[in-house]
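If you want the building blocks of each chain, they are given just below.
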Amino acid sequence: MNINGKEKFEDPLEKVWDSLHDPEILKNIIPGCEELNYQGDGEYEVIMKLGVAAVKGEYTGKVKLDDIEKPYHYILTAQGSGSPGHVDVEMDCKLNELEDEGCELVWDCQADVGGKIAGVGSRVLGGIAKYMAGKFFKDMKSQMKAKA
Amino acid sequence: MTFTGKNIKRKEDYRLLSGNSQFVADMQEPGMAEALFVRSEHAHAKLNKIDISKAENMGGVYSVIIAEHFNGEVDQLPPHSEFTLPQNLIDEINPIIQPCPEDILAKDRVIYVGQPIAIIVADNRYIAEDAAELIEIEYESLPSITDPYKAMEQDVDIIHEQMSSNIQAQFDLSTGNYDQALKDSDNVLKERIKTPRVAANPIETRGILSTYDSRNGKLQVWSSTQVTFMVRKYISKLLGLVEHNVRVVAPDVGGGFGSKCAVYPEEIIIPYLSMKLDRPVRWIEDRMEHLLSTRQSRDQTHDVKVSYNNDGTITGIQDYFVLDNGAYNPLVLTCSYNTAAHLRGVYDIPNFVIGGNCVVTNKAPTIAYRGAGRPEAVFVMDRIIHLVATSLELDPVEVMMKNMIKPEQLPYDSGLIYRDGEKVIYDSGDYPDGLKQALELANYDKFRKEQKKVKSDGSYVGIGISSYVEGTGIGPHEGAIVRLDSSGHVMAFVGSAPHGQSHETTLSQICADEFGLDPEKVTVKAGDTDLIPYGVGTFASRGAVTAGNAVHVASKKLQEKLLAIAGEILEISPSDLEMNDGKVFPRAMQNKYVTLEDLALAAKPGPKCKVPEGMEPGVEATHYFVPPTVTYSSGYHVAIVEVDEETGFVDILKYYVVHDAGKVLNPKIVDGQIQGGVAQGIGAALYEELVYDDNGQLLTGTYMDYLIPTAMEIPDVEMDHQEFLSTRNPMGVKGVGEGGTISPPAAITNAVCDALNPLDIKLNDLPISPSKLRQRIKVAKTS
């Protein structure tokens, strides 16, 4: 499944970059995130509780940020598995400065799901993923405001 | 009075309709534990680590088993030797078949989503489900192959290490001279025609209960299966048990349709666990598990080339097709060869080339499903008829009639060999007349006249036809033991295993006729390996033909013996005796009679025995009916549909079937088989498709996404019958179990195309979902 989108920020690019790499912020904005522990080398261990359609449950997994070109381009990879199945995500994130002010995050995400979550939830998965992405950015903005 | 041919009420119905039936899920044994399978979430992955320690230590869990615990005690499940081809057919088609045995539990690698990895046995299902959550499996995902054409490429990974390619089985055959026909013909048509992967979805999922009597070393297994004797054989073989000590019973079974016509890993491991744990163990498959891991079917893609003349004569067909078998191919060439042998159906097309590839991919394995290769063949053939007719601007009926085998051509040798090694020779029937009968039933001419007006008013109504010939009642045998008990009641024991076919009713009708008894005085027992030494099973429209004739002949034999005993008692020649209503009497003196009870008593060994010299005491006769080859049923389906151009919805307005099942044993049961078959055929035509993503994940894992028709979507089929007796068995019966399912996809697709004509709609794939049809209409309108 491929989903993608764009998100505009009023804050300067560097600040957005830092926020996207800040474990404290990430922990609060990743949907269903119960625990997020930095393991070093851009890698986190994560425990998430999520419900997709009728398939609810806990996933444990790893999230890794590969900074290709700081502060403009990074790739987030995530693998998680749990009783509802497994998720494999690769998300390409590009930050562009905007002419007037602020910046824009252009993201492109390839997600593969397996197990029950695919068999039962695939029909609604795209919609849920979009909803979660929207919530992620909304929460991120409010977190950034709170921190400022 | 005879009972065959009459609408005797189904004996099975009282218990089924009053909640007194007994399916495996209804059964309880003292101390019974429940099993649960942990199945692969990945289509292809290494199993790096399976941690069962937490699950094992959970309260209420008796055992958690993974492959390494077998310690060589359980062998791999081989492809079923029952479905291998006879040598003369092998010599004819030179098949390539690569060994492809199946691990009972995945060892270090999984190759499809749903493959069993571990099994938990616990006090109850709730505990087992909770324990399953505690099993940690570390998968290392590997690339999966879901496209059979990709699987056949040279440089691709081979799924089974012991195979040299992913083409597990392959064959070619031809008759006539296709190349010459192609040169000599006016036109040629090339198409790709597909039938998707579907699931049979019996109302009862699979279920197994096993108990082990360690004192006597006896294993008793109840399984929701169509093939009790095969299950027994493989349990005995793979677990190293004396076959006599294994009893397999199919209690009431809620449908099978082919999906239970194979031995499953679960049927080996549940008995193994009941022995190992020395307690009854039961497993009931849940519905999601069923869609994921019960064998699926169809999934064929045909590339056809058809040569034909301007008058509608089809001169030749070349067809290369691929069957996507998924991870294993337990029935080997059964379905694919059926497709080849049935493709031309009722048509006399002398030049024919067909080649089939059975390809292994990372999906659930496939086996037979009602029709077993024939719905696929008929969809191809009848699309060809429709496309040829359309290209020549002829009515499809004209093309059908032009190419149909005429009654005077019977017996008709099609030039092929059937799966049983005998020549495909159609022996009885009248195909053009069957079609005529169907067209009259459907008021075809009248419809055609009215259609013009209705269409000019803006409604898209159409009519579509399909026909088939089906080899039914395949051997190698089925047997019956008929016995008179001391109370004068007749018992008939058969080796087949019914799952909705009404054996108890129709076989008692057959038996009753021989004794002049009411069928109520005959009890039929089936689906139990302890009843009779040899049995095959219920599949391939074979019950009435094989078990039916076995009962017929065994009853005759016993009737003769009873007359002989009566002759001794009455001191009169048996040829002067008659049997009716439980009594035997001299034809000339009907009040001087002996009853069946008297005869049962007189047959007991001992000084009072009245069995004539040279005969064994006892009142029992056995007959194994070995058919010379299959019987050829045929059918003609006509669908009238209306298409909503805006939404792409197809409404079936009328559905007609004319069917030849040879001698009809019980008209209501025959009609019921056809009506039910048509329902599944409509499902295949309009609703059903198992969809996998590129990673081999099943996306249609529930009935929200895998649509099956309900009573709301199924019209009352209007039916008529032909009754051309088969020449291949004493009763002249032909099979009817699958017929209804074979033609609806072709009839409905042709009707949809007819409704939309003159729009050139490409519909060579199923199902005709509203979104697909709407899209095709759009494309046709803009081109």
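Calculation criteria
The residue count restarts for each chain, going from 1 along the sequence in the order it is written. All chains are assigned letters beginning at A, and all ligands numbers beginning at 1, according to the order in which they are written. Given that this is a predicted model, residues contribute local features only at a pLDDT of at least 70 and side-chain atom pairs are listed and counted only at 80 or more, while totals for whole chains, interfaces and linings are drawn from all residues. The side-chain values count all of the structure's non-hydrogen atoms but skip hydrogen atoms and water molecules. Strands are treated as partners if at least two bridges between them are detected by DSSP. Secondary structure elements follow DSSP: runs of H or I no shorter than four residues count as helices, runs of E no shorter than two count as strands, and numbering proceeds from the N terminus. Whenever a helix is involved, its axis is fitted only over the stretch in contact; in every case the axis is a line through C-alpha atoms, and angles between N-to-C directions fall within 0 to 180 degrees. Should the near helix be turned anticlockwise from the far one by less than a right angle, the crossing is termed left-handed; should it be turned clockwise, right-handed. Contact between two residues is taken to exist if any of their heavy atoms lie within 4.5 Å; hydrogens are not considered. For this scheme, ten residues count as nonpolar: Ala, Val, Leu, Ile, Met, Phe, Trp, Tyr, Cys and Pro. Four count as charged, namely Asp, Glu, Lys and Arg, and the remainder, Gly too, count as polar. UniProt positions are given in the numbering used here, feature names are shortened, and annotations may be inferred rather than shown by experiment. Both site types are read off a 1 Å grid over the protein atoms alone. A 1.4 Å probe that fits but cannot get out defines a cavity, while an open set with protein on both sides within 12 Å along at least five of seven lines defines a pocket; lining residues have an atom within 4 Å of a point. Grid points are joined across faces, edges and corners, and a volume is the space filled by probe spheres set on the points. Among the buried residues, those of types Ala, Val, Leu, Ile, Met, Phe, Trp, Tyr and Cys that are joined through side-chain atoms within 4.5 Å form a nonpolar core. Only protein chains enter the calculation, and the probe is 1.4 Å; a residue is then buried if its accessible area is under 20% of its type maximum, exposed if over 50%, and partly exposed in between. Known as pLDDT, the predictor's per-residue confidence is scaled from 0 to 100. Throughout this description, the term salt bridge denotes a Lys or Arg side-chain nitrogen within 4 Å of a carboxyl oxygen of Asp or Glu. Pairs of N or O atoms are called polar contacts if they sit within 3.5 Å, as long as, within protein, a hydrogen donor faces a hydrogen acceptor (for residues adjacent in sequence, only side-chain-to-side-chain pairs). Paired rings are identified among Phe, Tyr and Trp, the last through its six-membered ring, by centres lying within 6.5 Å, and are further divided according to the angle between planes into stacked (under 30 degrees), edge-to-face (over 60) and tilted (the rest). Remark: a charge is flagged as sitting over a ring if the NZ atom of Lys or the CZ atom of Arg is within 6 Å of the ring centre and within 35 degrees of the ring normal.

## Some thoughts on the sheet that holds strand S2 (residues 45–51) of chain B
Residue and element names in this part refer to chain B.
Thinking step 1. The sheet built from 3 strands is open, its strands ordered S5-S2-S7 with antiparallel pairing. Only two strands of the sheet have a single partner each, and these edge strands are strand S5 (109–110) and strand S7 (136–141).
Thinking step 2. Examined bridge by bridge, S2 and S5 share 2 bridges and lie antiparallel to one another. Looking at S5, one finds that Lys46 is bridged to Arg109.

## Regarding the packing of helix H11 (residues 374–392) of chain B against helix H12 (residues 396–403) of chain B
Residue and element names in this part refer to chain B.
Thinking step 1. Between H11 and H12, whose axes approach to 8 Å, the crossing angle comes to 115 degrees. Remark: the crossing between H11 and H12 carries right-handed chirality. Here H11 contributes Ile385, His386, Val388 and Ala389 to the contact with H12, which in turn contributes Pro396, Val399 and Met400.
Thinking step 2. Among the residues forming the contact of H11 with H12, the class breakdown is 6 nonpolar, 1 polar and no charged.

## Here's the deal with the UniProt feature "domain: Aldehyde oxidase/xanthine dehydrogenase a/b hammerhead" (unreviewed entry) in chain B
Thinking step 1. In this numbering, the UniProt entry assigns the feature "domain: Aldehyde oxidase/xanthine dehydrogenase a/b hammerhead" (unreviewed entry) to residues 18–143 of chain B.
Thinking step 2. Across residues 18–143 of chain B, the secondary structure splits into 17% helix and 29% strand, with the terminal C-alpha atoms separated by 51 Å.

## Some details on the pairing of strand S17 (residues 412–417) of chain B
Residues and elements named next belong to chain B.
Thinking step 1. Both S17 and strand S18 (residues 423–426) contribute to a ladder of 3 bridges, which runs antiparallel. Looking at S18, one finds that Tyr412 is bridged to Tyr426.
Thinking step 2. Remark: 5 residues form the turn of the hairpin made by S17 and S18, two consecutive strands paired antiparallel; Gly421 in that turn has positive phi of roughly 95 degrees.

## Side note on the layout of surface pockets
Unoccupied space between atoms shows up once a probe the size of one water molecule is rolled over them.
Residue and element names in this part refer to chain B.
Thinking step 1. Reported here for the second largest pocket is a volume of approximately 1,700 Å³.
Thinking step 2. It is S7 that contributes the most residues to the lining of the second largest pocket, 6 residues altogether.
Thinking step 3. When grouped by side-chain class, the residues that make up the lining of the second largest pocket number 15 nonpolar, 16 polar and 18 charged.

## As for empty space enclosed by the protein
Residues and elements named next belong to chain A.
Thinking step 1. A complete count under the given rule lists 7 cavities of 30 Å³ or more for this structure.
Thinking step 2. A volume near 860 Å³ is recorded for the largest cavity.
Thinking step 3. Forming the walls of the largest cavity are 40 residues, and the residues nearest its centre are Pro31, Met48, Val87, Val89 and Met132.
Thinking step 4. Sorting the residues of the lining of the largest cavity by element identifies strand S3 (43–52), strand S4 (55–69), strand S5 (73–82), strand S6 (85–97), strand S7 (103–114) and helix H3 (116–147) as the ones contributing at least two each.
Thinking step 5. With 8 residues, H3 is the largest single contributor of residues to the lining of the largest cavity.
Thinking step 6. Per-class residue counts for the lining of the largest cavity are 34 nonpolar, 4 polar and 2 charged.

## Here we look at the nonpolar core
Thinking step 1. One finds B:Ile235, B:Ile268, B:Ile269, B:Ile314, B:Ile748, B:Val752 and B:Leu773 to be the most contacted residues of the largest nonpolar core, which totals 151 residues.
Thinking step 2. In terms of residue count, H11(B) provides more of this core than any other element does, 11 residues in total.
Thinking step 3. Residues within four places of B:Ile748 in sequence aside, it is in contact with B:Ala639, B:Val641, B:Ile652, B:Tyr655, B:Ile682, B:Ala685, B:Leu686 and B:Ile768.
Thinking step 4. Counting 43 residues, the second largest nonpolar core, distinct from the first, contains A:Val52, A:Leu65, A:Ala118 and A:Leu125.

## Re the pairing of strand S3 (residues 61–66) of chain B
Regular strands show a simple pattern: their side chains alternate between the two faces of the sheet.
All names here are of chain B.
Thinking step 1. Counting buried positions along S3 gives 5 out of 6 residues, so the element sits mostly inside the fold.
Thinking step 2. The pairing of S3 with strand S6 (residues 116–122) spans 5 bridges and is classified as antiparallel. Residue pairing in the sheet places Ile66 in a bridge with Ala118 of S6.

## Re the confidence of the model for chain B
Thinking step 1. Of the residues in chain B, 100% reach a pLDDT of 70 or more, and the chain-wide mean stands at 96.
Thinking step 2. Interface confidence for the predicted complex, expressed as ipTM, amounts to 0.89; the pTM equals 0.96.

## With respect to the interface of chain B and chain A
Thinking step 1. Chain B puts 14 residues into the contact, and the matching count from chain A is 14 residues.
Thinking step 2. For the interface between chain B and chain A, the tally reads 1 salt bridge.
Thinking step 3. For B:Asp705, the salt bridge is made with A:Arg123, and the minimal N-O distance between the two is 2.5 Å.
Thinking step 4. Our count for the chain B to chain A interface comes out at 9 residue pairs in polar contact (both at pLDDT 80 or more).
Thinking step 5. Looking at the side of chain B that touches chain A, its residues break down into 4 nonpolar, 6 polar and 4 charged.

## Quick look at the packing of aromatic side chains
Residues and elements named next belong to chain B.
Thinking step 1. A full pass over the atoms with the stated rule returns 15 aromatic pairs over all chains.
Thinking step 2. Taken together, a centroid distance of 5.3 Å and an interplanar angle of 90 degrees make the contact between Phe70 and Tyr272 edge-to-face. Taken together, the positions of Phe70 in the loop between S3 and helix H3 (87–93) and Tyr272 in helix H8 (residues 265–276) put the pair 202 residues apart, joining distant regions of the chain. Note on accessibility: Phe70 and Tyr272 belong to one class, buried.
Thinking step 3. Following the ring pairs from residue to residue traces out a cluster consisting of Tyr412, Tyr418, Tyr426, Tyr431 and Tyr632.
Thinking step 4. Against the face of Tyr593 rests Lys583, its NZ or CZ located 4.8 Å from the ring centre.

## A few points about the sheet that holds S3(A)
Residue and element names in this part refer to chain A.
Thinking step 1. Read from one edge to the other, the open sheet built from 7 strands follows the order S1-S7-S6-S5-S4-S3-S2, with strand pairing classed as antiparallel. Each edge of the sheet is formed by a strand with only one pairing partner; in this case those strands are strand S1 (2–9) and strand S2 (33–40). Direction aside, neighbouring strands of the sheet carry axes that sit 20 degrees apart on average.
Thinking step 2. Against the sheet, helix H1 (residues 13–20) makes contact with S1, S4, S5, S6 and S7, and its axis sits at roughly 165 degrees relative to S6, the strand it touches most.

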